[in-house]
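The chain contents come next:
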There are 2 protein chains.
Amino acid sequence: MKVLGVDPGLTRCGVGVVDGVAGRPLTMIGVGVVRTPADAEIAHRLVDIERGIDAWLDEHRPDCVAVERVFSQHNVRTVMGTAQASAVAMLCAARRGLPVALHTPSEVKAAVTGSGRADKAQVGAMVTRLLRLGAPPKPADAADALALAICHIWRAPAVNRLQQAQAAARRAAPASVPAAGLRRAAPQKGTR
Amino acid sequence: MKVLGVDPGLTRCGVGVVDGVAGRPLTMIGVGVVRTPADAEIAHRLVDIERGIDAWLDEHRPDCVAVERVFSQHNVRTVMGTAQASAVAMLCAARRGLPVALHTPSEVKAAVTGSGRADKAQVGAMVTRLLRLGAPPKPADAADALALAICHIWRAPAVNRLQQAQAAARRAAPASVPAAGLRRAAPQKGTR
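This is a predicted model, so every value here is computed, not measured.

## A short note on the sheet that holds strand β4 (residues 64-68) of chain B
All names here are of chain B. Taken in spatial order, the five strands line up as β3-β2-β1-β4-β5 in an open sheet, and their pairing is mixed. Only two strands of the sheet have a single partner each, and these edge strands are β3 (27-35) and β5 (100-103). For this sheet, the mean angle separating the axes of adjacent strands, direction not counted, is 20°. Relative to β3, strand β2 (residues 12-19) is paired through eight bridges, and the arrangement is antiparallel. Residue Val-18 lies in a different strand from β3, and its bridge partner there is Met-28.

## Describing the side chain of Thr-36 of chain B
Residue and element names in this part refer to chain B. Considering the arrangement of structural elements, one finds Thr-36 in the loop between β3 and α1 (42-60). A relative accessible area of 4% places Thr-36 in the buried class. Ignoring any residue separated from it by four or fewer positions in sequence, one finds Thr-36 in contact with Leu-10, Thr-11, Arg-45, Asp-48 and Ile-49.

## Description of the pattern of salt bridges
Applying the stated criterion to the full structure yields 18 salt bridges over all chains. Between Asp-141 of chain A and Arg-12 of chain A there is a salt bridge whose closest N-O contact spans 2.9 Å. Of the two residues, Asp-141 of chain A sits in helix α5 (residues 140-172) while Arg-12 of chain A sits in strand β2 (residues 12-19), which places them 129 residues apart along the sequence. Judged by relative accessible area, which is 16%, Arg-12 of chain A ranks as buried. A salt bridge links Arg-95 of chain A to Glu-50 of chain B, with the nearest nitrogen and oxygen atoms 2.5 Å apart. Of the two residues, Arg-95 of chain A sits in helix α2 (residues 79-95) while Glu-50 of chain B sits in helix α1, which places them in two different chains. Glu-50 of chain B sits in the buried class, given a relative accessible area of 6%.

## Side note on the UniProt feature "binding site: Mg(2+) 1" (unreviewed entry) in chain A
All names here are of chain A. Here the UniProt feature "binding site: Mg(2+) 1" (unreviewed entry) sits at Asp-7 and Asp-141. Over a stretch of 135 residues, the named residues converge on one spot in the fold, their C-alpha atoms separated by at most 6.1 Å. You can see Asp-7 is positioned in strand β1 (residues 2-7). For Asp-7, a relative accessible area of 1% puts it in the buried group. Residue classification places Asp-141 among the buried positions, given a relative accessible area of 6%. A distance of 2.9 Å separates a polar atom in the side chain of Asp-141 from a polar atom in the side chain of Arg-12.

## Digging into the packing of helix α3 (residues 105-113) of chain B against helix α5 (residues 140-172) of chain B
Residues and elements named next belong to chain B. For the pair α3 and α5, interaxial distance at closest approach is 9 Å and the crossing angle is 75°. Judged on the interaxial angle alone, α5 and α3 are roughly perpendicular. Contact residues: α3 offers Glu-107, Val-108, Ala-111 and Val-112, while α5 offers Ala-147, Leu-148, Ile-150, Cys-151, Trp-154 and Arg-155. A breakdown of the residues in the contact of α3 with α5 according to their chemical character gives eight nonpolar, no polar and two charged.

## Re the packing of α1 of chain B against helix α2 (residues 79-95) of chain B
Residue and element names in this part refer to chain B. Running from N to C, α1 and α2 point in directions that differ by 40°, and their axes come no closer than 9 Å. Comparing the axis directions of α1 and α2 gives the class oblique. The handedness of the crossing between α1 and α2 is right-handed. On the side of α1, the interface is formed by Ile-42, Leu-46, Ile-49, Glu-50, Ile-53, Asp-54 and Leu-57, while α2 contributes Gln-84, Ala-85, Val-88, Ala-89, Cys-92, Ala-93 and Arg-95.

## With respect to unusual backbone geometry
Most peptide bonds are trans, and most residues other than glycine sit at a negative phi. The omega angle of the peptide bond from Lys-138 of chain A to Pro-139 of chain A is -5°, so this bond is cis rather than trans. A positive phi angle is found at Arg-132 of chain A, which is not glycine, with a value near 55°. Residue position: Arg-132 of chain A is located in the loop between α4 (120-130) and α5. Look at Arg-132 of chain A and you get exposed, because its relative accessible area is 54%. Even without a glycine there, the phi angle at Arg-61 of chain B is positive, about 45°. Relative to the assigned elements, Arg-61 of chain B resides in the loop between α1 and β4.

## Some words on α2 of chain B
Residues and elements named next belong to chain B. In this model α2 runs 24 Å from its N-terminal to its C-terminal C-alpha over 17 residues, within 8% of the 24 Å that 1.5 Å per residue would give. Burial of α2 is extensive: 16 of the 17 residues sit out of reach of the surface. Positioned one or two residues after α2, Gly-97 has a phi angle of 80°, which is positive.

## What to know about the pairing of strand β5 (residues 100-103) of chain A
Residue and element names in this part refer to chain A. On β5, burial covers both faces: Val-100 and Leu-102 on one face and Ala-101 and His-103 on the other are all buried. Of the strand pairs in this sheet, strand β4 (residues 64-68) and β5 are connected by four bridges, and their pairing is parallel. Each bridged residue has a counterpart across the sheet, and for Val-65 the counterpart in β5 is Val-100.

## With respect to the UniProt feature "active site" (unreviewed entry) in chain A
Residues and elements named next belong to chain A. As annotated by UniProt and renumbered to match this structure, "active site" (unreviewed entry) occupies Asp-7, Glu-68 and Asp-141. Relative to the helices and strands, Glu-68 is located in strand β4. Residue class for Glu-68 comes out buried when judged on its relative accessible area of 17%.

Conventions and cut-offs
Residues numbered from 1 in each chain as written. Chains lettered and ligands numbered in written order. Predicted model: local features only at pLDDT ≥ 70, side-chain atom pairs only at ≥ 80, totals over all residues. Heavy atoms only, no water. Pairing = 2+ DSSP bridges. Helix = DSSP H or I, 4+ residues; strand = E, 2+ residues; numbered from the N terminus. Axes fitted to C-alpha atoms, helices over the stretch in contact; angles between N-to-C directions. Buried < 20%, exposed > 50% of the residue type's maximum accessible area, 1.4 Å probe, protein only. Contact = heavy atoms within 4.5 Å. Salt bridge = Lys/Arg side-chain N within 4 Å of Asp/Glu carboxyl O. UniProt positions renumbered as here; feature names shortened; annotations may be inferred. Polar contact = N/O pair within 3.5 Å; in protein donor to acceptor, adjacent residues only side chain to side chain. Parallel < 35°, antiparallel > 145°, perpendicular 65-115°, else oblique. Nonpolar A, V, L, I, M, F, W, Y, C, P; charged D, E, K, R; others polar. Left-handed = near helix turned anticlockwise from the far one by under 90°. Expected span 1.5 Å × (residues − 1).

This is the structure:
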């Protein structure tokens, strides 16, 4: 399984491609950063990110894309740009029919270091060791993108089992009821 | 000037096209809502929004797109989806070379009602009167999209003068210095 990990950001969007399966040594295929100028208009920066992500997808043809799940609780000042960059990454992938997986920062840290509270240096060190690199990828956004891809390869079997169980549960229920019920429901605060 | 206003949201993305210039009666060209199912995956919902916005741009060929500026301070639970939907709207417009303008909710309310603290009903009533409609557009997201377009038509002359002054100031400075300086600057907390 070849996975493109994306650590979303407007100024630096980390991208990293890792190939492999859980339980076997992994291979780094590529790593880099899509940058956009901080003085450009936000709409143009999003177009730059789209071009950058599309170029990575064209070149490496991953089987799926793993994007960091953005929360609004922390980094309030940067979170809007991060959410917008992540939207572009998800859009580029889904438009091609590629599965998109979201992993939280602590899921990624826990997967690669064993601790959900690991710092940047620990994540970089483990990525370096797991991919047998000469030095930690710089900047940290690039290392984080590789960590996301590794996390996805390792978590995918468990996530797939969960999704299959959910799909089976949906099939067991009358087909049209749950979806129609959700769509008709009163506007929910969390889903607008 | 024909303006597409977009009130971004994942479940309901309001869209409204208004034609006119400041100081003259305005005309509503179209209004609607791009909806995506709340039970679909976020990446697929963003693709649906892209298709919906692209269809409105294809049909109405606006001169520019006005999008609500999203803040992270309020509606913490809904703000991520709103930011992501707004990213898709900005991307669709900028990809076609259309100018994208952002207006805050209070700028929009102040422009159409005279008060930045007006409620939904007041905004709907003023949109109805300004566009000479038979009844307020429903849902509120559709009325808000029209209010954004009206706000942009009325604010555009002032915003244009400001941007021209900023561009002149940049031209007065050595051409490559400000942009290169900003790009080399240390990572800023607010711009990642």
